[in-house]
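Residues per chain are reported as follows:
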Amino acid sequence: MASVRRKGDAIRVELKPEEAALLRVLVGEVLRLLDPGPAETGADPLEELTGMSSQPVESPTDPALQRLLPDAYAEDDVAAREFRRLTDSDLRGAKREALQHIVDSLATGQPTRSGASRFVLDQASAAAWLPALTDVRLVVASRLGIEEDIDLERMAVDPDTARFDEIALYDWLSYLQEALVHAVAGD
């Protein structure tokens, strides 16, 4: 199982090869989900400079992406559309940048005697990992139909089913994030 420990100002993370591979795949999937697609040719120069769209930006239809990029104003469609037009590009970019910190960290892993991969996070990388792990967990939760903690409790399933593996994945991500929170806090 993953190990996260603080040593001085650094946070040491050890992941088994299969954990590192799984995390790499999950982060890659979320990065693809956040990709807005190809940019229009001849886009507005001000849009390219500021990241604010001159055209309306639609709310995502994918439930997982909707959880990552929710409407800012649930009761006011006009304000929600305007807010999304002004912020969608920057929000997607910030989320992709945080996820990229995980990808970059995983690439620096050094093998341990036990066969795990060890890498060290500085405070900036650890701070980026936390919201990135939240985003990965939100996508997995959305795919599992978890909206609230009580939903997870209701999903007690037979360990011999595929659903059990999916819930175990969500639990592992939760454990990894919680361990990182404690390490960052110095607990």
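First things first, this report covers the structure right here in the doc.

1. Thoughts on the pairing of strand β1 (residues 3-7)
Here comes step 1: Pairing of β1 with strand β2 (residues 10-15) involves five bridges; the strand directions are antiparallel. Bridging across to β2, Lys7 finds its partner in Ala10.
Here comes step 2: In sequence, β1 turns back onto β2 through a hairpin of two residues, with Gly8 there showing a positive phi of about 65°.

2. Points about the environment of Val4
Here comes step 1: Here Val4 shows up in strand β1.
Here comes step 2: Considering only alpha carbons, one finds Val4 and Ala179, 175 residues apart in sequence, at a separation of 5.9 Å.
Here comes step 3: Apart from residues lying up to four places away in sequence, Val4 is in contact with Ile11, Arg12, Val13, Leu176, Ala179, Leu180 and Ala183.

3. Here we look at the packing of aromatic side chains
Here comes step 1: Across all of its chains, the model carries two aromatic pairs by this definition.
Here comes step 2: Look at Tyr73 and Phe83: their rings are 5.9 Å apart centre to centre, the planes differ by 90°, and that puts the pair in the edge-to-face class. Of this pair, Tyr73 sits in the loop between α3 (63-68) and α4 (77-107) while Phe83 sits in helix α4; the two residues are ten residues apart in sequence, bridging distant segments of the chain.
Here comes step 3: For Phe83, a relative accessible area of 37% translates into the label partly exposed.
Here comes step 4: Ring geometry for Phe119 versus Trp129: centroids 5.6 Å apart, planes at 35°, classification tilted. Here Phe119 is found in strand β4 (residues 117-121), whereas its partner Trp129 is found in helix α5 (residues 123-144), with ten residues between them in sequence.
Here comes step 5: For Phe119, a relative accessible area of 2% translates into the label buried.
Here comes step 6: The buried category is assigned to Trp129, whose relative accessible area is 1%.

4. Overview of the side chain of Asp135
Here comes step 1: Topologically, Asp135 is positioned in helix α5.
Here comes step 2: With relative accessibility at 5%, the residue Asp135 sits in the buried group.
Here comes step 3: Setting aside its immediate chain neighbours within four residues, Asp135 contacts Leu68 and Lys95.

5. A look at the pairing of β4
Here comes step 1: Burial of the side chains of β4 is restricted to one face: Ser117, Phe119 and Leu121 are buried, whereas none of Arg118 and Val120 on the reverse face is.
Here comes step 2: Here five bridges tie β2 to β4, and the two strands are oriented antiparallel to one another. What sits directly across from Glu14, in β4, is Arg118.
Here comes step 3: Alignment of strand β3 (residues 110-111) against β4, held across two bridges, turns out to be antiparallel.

6. Here we look at the packing of helix α1 (residues 17-34) against α5
Here comes step 1: The interhelical angle for the contact between α1 and α5, taken along N-to-C directions, is 80°, at an axis separation of 10 Å. Considering the angle they form, α1 stands roughly perpendicular to α5. Together, Leu23, Leu26, Val27, Val30 and Leu33 of α1 and Trp129, Leu133, Val136, Val139, Val140 and Arg143 of α5 make up the contact between the two elements.
Here comes step 2: Within the contact of α1 with α5, the residues separate by chemical class into ten nonpolar, no polar and one charged.

7. Digging into α5
Here comes step 1: Taking 1.5 Å per residue, 22 residues should reach 32 Å; α5 reaches 32 Å between its end C-alpha atoms and fits that length.
Here comes step 2: Two or three places before Ala124, at the start of α5, stands the capping residue Asp122, its side-chain oxygen 3.3 Å from that residue's backbone nitrogen.
Here comes step 3: Positive phi shows up at Gly145, right after α5, with a value of about 85°.

8. Here we look at the pattern of salt bridges
Here comes step 1: What the rule picks out here adds up to eight salt bridges.
Here comes step 2: One salt bridge connects Arg85 with Glu82, and the closest N-O pair in it is separated by 2.7 Å. With Arg85 and Glu82 both in helix α4 and three residues apart, this pair spans about one turn of that helix.
Here comes step 3: Overall, the relative accessible area of 37% leaves Glu82 in the partly exposed class.
Here comes step 4: Each member of the salt-bridge network shares a partner with another, and the members are Asp71, Arg84, Asp88 and Arg92.

Scoring rules and cut-offs
- Sequence order sets the numbering: in each chain, residues are counted from 1 along the sequence as written.
- At least 70 in pLDDT is required for a residue's local features to be given in this predicted model, at least 80 for side-chain atom pairs to be given and counted, and no such filter applies to totals for whole chains, interfaces and linings, which use all residues.
- The side-chain values count all of the structure's non-hydrogen atoms but skip hydrogen atoms and water molecules.
- Only when DSSP finds a minimum of two bridges between them are two strands counted as paired.
- Strands are runs of DSSP state E lasting at least 2 residues, helices are runs of H or I lasting at least 4, and numbering of each runs from the N terminus.
- Residues count as neighbours in contact if any of their non-hydrogen atoms are within 4.5 Å of one another.
- Two rings belonging to Phe, Tyr or Trp (six-membered ring only in the last case) form a pair when the distance between their centres is within 6.5 Å. Interplanar angles under 30 degrees mark stacking, angles over 60 mark edge-to-face geometry, and anything in between is tilted.
- Each residue gets one of three labels from its accessible area relative to the maximum for its type: buried under 20%, exposed over 50%, partly exposed in between, using a 1.4 Å probe on protein chains only.
- To obtain an axis, a line is fitted to C-alpha atoms, over the contacting stretch when the element is a helix, and the angle between two such axes runs from 0 to 180 degrees between their N-to-C directions.
- Oblique is the label for any angle not under 35 degrees, not over 145, and not in the 65 to 115 range, which are roughly parallel, roughly antiparallel and roughly perpendicular in turn.
- Under the grouping applied here, Gly and all other residues not named as nonpolar or charged are polar, the nonpolar ones being Ala, Val, Leu, Ile, Met, Phe, Trp, Tyr, Cys and Pro and the charged ones Asp, Glu, Lys and Arg.
- In this analysis, the expected span of each helix is defined as 1.5 Å times one less than the number of residues it contains.
- Polar contact is the term for a pair of N or O atoms within 3.5 Å; when the atoms are in protein, one must be able to donate a hydrogen and the other to accept it, and sequence-neighboring residues count only if both atoms are side-chain atoms.
- We define a salt bridge as a contact between a side-chain nitrogen of Lys or Arg and a carboxyl oxygen of Asp or Glu at a distance within 4 Å.

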